[in-house]
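# Analysis of the macromolecular model
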Amino acid sequence: GGGGSGVGGGGGSRPGPPPAISDTLLVSGIPPDASMREVAHIFRAYPGFEVMQPPSDRDRRYRVTYSTNYQAAVAMEALQNYLFDRSDPRSPRLALE
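Residues numbered from 1 in each chain as written. Predicted model: local features only at pLDDT ≥ 70, side-chain atom pairs only at ≥ 80, totals over all residues. Heavy atoms only, no water.

Burial runs high along strand β3 (residues 62–66): four of the five residues are buried. Where strand β1 (residues 24–28) meets β3, four bridges bridge the pair, whose relative direction is antiparallel. Across the sheet, the residue bridging to L25 is V64, located in β3. Sheet topology places strand β2 (residues 49–53) next to β3; four bridges connect them, and they run antiparallel. Opposite V51, over in β3, you have T65 as the bridge partner. (Buried < 20%, exposed > 50% of the residue type's maximum accessible area, 1.4 Å probe, protein only. Helix = DSSP H or I, 4+ residues; strand = E, 2+ residues; numbered from the N terminus. Pairing = 2+ DSSP bridges.)

Quick look at the environment of S67 now. Relative to the elements of secondary structure, S67 occurs in the loop between β3 and α2 (69–79). Taking C-alpha positions, S67 is 6.3 Å from E50, a pair spaced 17 residues apart along the chain. Setting aside its immediate chain neighbours within four residues, S67 contacts D23, G48 and E50. Among the polar contacts listed, one links the side chain of S67 to the side chain of E50, at a separation of 3.0 Å. (Contact = heavy atoms within 4.5 Å. Polar contact = N/O pair within 3.5 Å; in protein donor to acceptor, adjacent residues only side chain to side chain.)

Glancing now at the nonpolar core. Core analysis: the largest hydrophobic core is formed by 18 residues, its most contacted members being V27, I30, V39 and F43. Every element with two or more residues in this core is listed here: β1, α1 (36–44), β3 and α2. At four residues, the largest contribution of residues to this core is made by α1. When near neighbours in sequence (up to four residues on either side) are disregarded, I30 contacts V39, Y62, F84 and L94. (Core = buried A, V, L, I, M, F, W, Y, C linked by side-chain atoms within 4.5 Å.)

Pasting the structure below:
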């Protein structure tokens, strides 16, 4: 005998996105004319959304905070390269880090 279960390798890794380094995502690729409400609506759809801060003068990225690193990682995986305006082929895509 010696048959194994045949279920992939990898020592106990749990399915899903990799853990985020932080519970706060830095987001670029949002058009300057987008309202805070419009932008928050995108991120609010993911569990754990807590708060969003607009870009500052020295850093043009939005800061989006989730309750946990894992929830931030789920949102990051789902929204990476998100097309902000589907009706505009030149619309920027979101970049999250």
